[in-house]
Amino acid sequence: MAALRYAGLDDTDSEDELPPGWEQRTTKDGWVYYANHTEEKTQWEHPKTGKRKRIAGDLPYGWEQETDENGQVFFVDHINKRTTYLDPRLAFTVDDNPTKPTSRQRYDSSTTAMEILQGRDFTGQVVVVTGANSGIGFETAKSFALHGAHVILACRNMTRANEAVSRILGEWHKAKVEAMTLDLALLRSVQHFAQAFKAKNVSLHVLVCNAGAFALPWSLTKDGLETTFQVNHLGHFYLVQLLQDVLCRSAPARVVVVSSESHRFTDINDSSGKPDFSRLSPSKNDYWAMLAYNRSKLCNILFSNELHRRLSPRGVTSNAVHPGNMLYSSIHRNWWVYTLLFTLARPFTKSMCLLLT
């Protein structure tokens, strides 16, 4: 191909030649994907061979990877003094089709977000992900964006949110991604976010309630509620209520609530078996950070189940998900004891890309 010849790498394998309208690209971490300009979609499998490929080895001697003002990666050949947007290592890609045991589940603990979305085209779909500037939220937002969705990162810290947007655009400069302010610890902020989103006059096909807090010292929000409870549950509850009409108009639509297996280690009932709502936002004397987190995750599941019951007849489904045991993230950052425990456990944890669905 002309692009390969420009990079000094002649294409000699006609089987791998792309059909008209297709372009071969690479991610920063070395995966090859294919863009169809005619249908405006991307996919991981070669359109002719069906193979998945990844880059093998480092850049050739004299080459350097840089990023232009639009966030697109390009390559500089300092020896021949030229630049190209084509990764010179594309001539040395290797197939990534490992043999999998027939007994393996379709999705398991080694499944990546990219594998889950492989072959999916989300062009025209609008996705909102809360807490999307890092961790699970960022990987989720990036995966949707790289598959054509218009993704909105709903975050409290706009500096970090804009940095996350830049990182996604660095993967694909045509990604439709933006950041909006959302502070779940302030119900007025939730209301302002919903108003600003509705002002865009767009649909909402997927709402991922991901943002969360863990191991916080006791404190009350400006709304007078215990912080863990409001951030992990009530803020999202309010957000869904405010956007419920948009979700229903956008049907089929979906709400995904990121919960945790730790919901099993608590309850919200008193000794007589009746709900004790004072446990949800306890006083300082009755507060234990781990228990507050567990209860908020239980609320997530109860909310998701009831939301599904009410809205599924209108084309909106709701699912509560557990991201996986010992998933390494920065959620432990609020207390040094948990930071130490997570650091010791890190060699045995999954990365942020290994998300369960």
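What counts, and at which threshold
Residue indices begin from 1 for each chain and proceed along its sequence in written order. Side-chain atom pairs in this predicted model are given and counted only at pLDDT of 80 or more, local residue features only at pLDDT of at least 70, and totals for whole chains, interfaces and linings cover all residues. Processing note: side-chain calculations cover all non-hydrogen atoms of the structure and skip hydrogens and water entirely. UniProt positions are given in the numbering used here, feature names are shortened, and annotations may be inferred rather than shown by experiment. Secondary structure counts use DSSP, requiring at least four H or I residues in a row for a helix and at least two E residues in a row for a strand, with both numbered from the N terminus. Only protein chains enter the accessibility calculation, which uses a 1.4 Å probe; a residue is then buried when its area is under 20% of its type maximum, exposed when over 50%, and partly exposed in between. In this description, contact between two residues means that some pair of their heavy atoms is separated by no more than 4.5 Å. Surface accessibility follows the Shrake-Rupley procedure with a 1.4 Å probe radius. Residue values consider only the protein chains on display as shielding. Two strands are counted as paired when DSSP detects at least two bridges linking them. Every angle, taken between N-to-C directions, lies between 0 and 180 degrees, and every axis is a line fitted to C-alpha atoms, over only the stretch in contact when it is a helix. We call a crossover right-handed when, viewed with both strands directed away from the observer, the connection leading from the first strand over the helix to the second proceeds clockwise. Residues are called lining when one of their atoms sits within 4 Å of a cavity or pocket point, these points coming from a 1 Å grid over the protein atoms alone, where a cavity is a set in which a 1.4 Å probe fits but cannot get out and a pocket is an open set with protein on both sides within 12 Å along at least five of seven lines. Grid points are joined across faces, edges and corners, and a volume is the space filled by probe spheres set on the points. In this count, Pro and Cys sit with the nonpolar residues alongside Ala, Val, Leu, Ile, Met, Phe, Trp and Tyr, while Asp, Glu, Lys and Arg are called charged and the others, Gly among them, polar.

An unreviewed UniProt entry lists the protein chain under the name WW domain-containing oxidoreductase, with Panthera pardus as the source organism. Its UniProt record gives the protein chain a comment under Sequence similarities (unreviewed entry), which states: "Belongs to the short-chain dehydrogenases/reductases (SDR) family."

**Q** Could you clarify how one ought to interpret the overall build of the protein chain in this entry?
**A** Counting its secondary structure elements, the protein chain contains eight helices and 14 strands. The proportion of buried residues among the 357 residues of the protein chain is 47%. Once local pairs closer than 6 in sequence are excluded, the contacts in the protein chain between residues at least 24 apart make up 65%. Surface summary for the protein chain: the accessible area is close to 18,600 Å², and the carbon and sulfur share equals 51%.

**Q** Please clarify how the sheet that holds strand E7 (residues 82–84) should be interpreted in this entry.
**A** The strand order across the open sheet built from three strands is E5-E6-E7, with neighbouring strands paired in antiparallel fashion. Of all the strands in the sheet, just strand E5 (63–67) and E7 have a single pairing partner and so form its edges. Averaged over neighbouring strand pairs, the angle between their axes works out to 30° when direction is ignored. Pairing analysis gives three bridges linking strand E6 (residues 73–77) to E7, with the strands arranged antiparallel. From the neighbouring strand, valine 76 faces E7, where its bridge partner is threonine 83.

**Q** Got a minute to help me understand the pairing of strand E9 (residues 126–130) in this structure?
**A** Every other side chain in a regular strand lies on the same face of the sheet, so the side chains alternate between the two faces. Here E9 lies mainly inside the structure; five of its five residues are buried. Of the two faces of E9, the one holding Val126, Val128 and Thr130 and the one holding Val127 and Val129 are both buried throughout. Relative to strand E10 (residues 150–155), E9 runs parallel, the two sharing five bridges. The partner of valine 128 across the bridge, within E10, is isoleucine 152. Viewed along the sheet, the connection from E9 through helix H3 (residues 135–145) into E10 turns out right-handed. Summarising the sheet, E9 and strand E12 (residues 206–209) pair through three bridges and their orientation is parallel. Paired with valine 127 across the bridge in E12 is valine 206.

**Q** Quick question: what am I supposed to make of empty space enclosed by the protein here?
**A** Taking a probe equal in size to a water molecule and rolling it over the atoms shows the remaining empty space. Counted according to the given criterion, the structure contains two cavities of 30 Å³ or more. The volume enclosed by the largest cavity comes to roughly 50 Å³. As for the largest cavity, its lining consists of Tyr33, Thr42, Gln43, Trp44, Leu146 and His147. Split by residue class, the lining of the largest cavity holds three nonpolar, three polar and no charged.

**Q** For this particular structure, what's the right way to read the sheet that holds E10?
**A** Each strand in a sheet pairs with another by means of backbone hydrogen bonds, the pair being arranged parallel or else antiparallel. The sheet built from six strands is open, its strands ordered E11-E10-E9-E12-E13-E14 with parallel pairing. Two strands lie at the open edges of the sheet, namely strand E11 (176–181) and strand E14 (316–321), each paired on one side alone. Adjacent strand axes in the sheet meet at a mean angle of 15° when their direction is disregarded. Against the sheet, helix H5 (residues 187–199) touches E9, E10 and E11, its axis set at about 145° to E11. Contacts from helix H7 (residues 289–311) reach strand E13 (253–258) and E14 within the one sheet, and its direction differs from that of E14 by about 160°.

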